[in-house]
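# Structural overview for review
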Amino acid sequence: MTDHKFSSNRDDSDAFEKAALARYRKMILILPDACRLRREVWDQSTVLCLDFQDCPDDLSSIKKQDLMLLVGAEHLGLAQALSFRLGNKIKGWSNFATTDA
């Protein structure tokens, strides 16, 4: 029997995560380079966090573009909600409004 070595799923998912976030950054040109991007799990949903700790002056103008940011995140399958942060403090939240028919 031969010994097969496989890359770990965690390494693969980390690489995919980095690639997806880099693609999002390239697609959303308004994001300052200093804005940190990461995904977080909230209950059963994934939220794209935009952290403006290193560029706080950009937060309010970028937050106004939330629909474009959401569309880009959903297009890449990253999230359907955004949190706008300054470090550990949440300064805003945006998601697609859902209506019950």
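Quick caveat: nothing in here was measured; it's all calculated off a predicted structure.

Here is what the cut-offs are and how they apply
- Residues numbered from 1 in each chain as written.
- Predicted model: local features only at pLDDT ≥ 70, side-chain atom pairs only at ≥ 80, totals over all residues.
- Heavy atoms only, no water.
- Core = buried A, V, L, I, M, F, W, Y, C linked by side-chain atoms within 4.5 Å.
- Buried < 20%, exposed > 50% of the residue type's maximum accessible area, 1.4 Å probe, protein only.
- Helix = DSSP H or I, 4+ residues; strand = E, 2+ residues; numbered from the N terminus.
- Contact = heavy atoms within 4.5 Å.
- Salt bridge = Lys/Arg side-chain N within 4 Å of Asp/Glu carboxyl O.

Counting residues in each nonpolar core, the largest one holds 21 residues, and the members touching the most others are Tyr 24, Leu 31, Leu 48, Leu 50, Phe 52, Leu 69 and Leu 82. Broken down by secondary-structure element, the contributors of at least two residues to this core are helix H1 (9-27), strand E2 (45-51), helix H2 (59-63), helix H3 (66-75) and strand E3 (81-86). Contact partners of Leu 31, with chain neighbours within four places excluded, come to Tyr 24, Arg 25, Leu 37, Leu 50, Ile 62 and Leu 69.

With the rule as written, the count across this model stands at five salt bridges. Taking the shortest distance from any N to any O, the salt bridge between Arg 39 and Glu 17 comes out at 2.9 Å. One end of the pair, Arg 39, is in strand E1 (residues 36-42); the other, Glu 17, is in helix H1, and 22 residues separate them in sequence. What makes Arg 39 partly exposed here is its relative accessible area of 29%. The closest approach of N and O atoms between Arg 38 and Asp 51, which form a salt bridge, is 3.9 Å. You can see Arg 38 sitting in strand E1 and its partner Asp 51 sitting in strand E2, a full 13 residues away along the chain. Taking the relative accessible area as the measure of exposure, Asp 51 reaches 3% and is therefore buried. One network of salt bridges, in which partners are shared, links Arg 38, Glu 40, Asp 51 and Arg 85.

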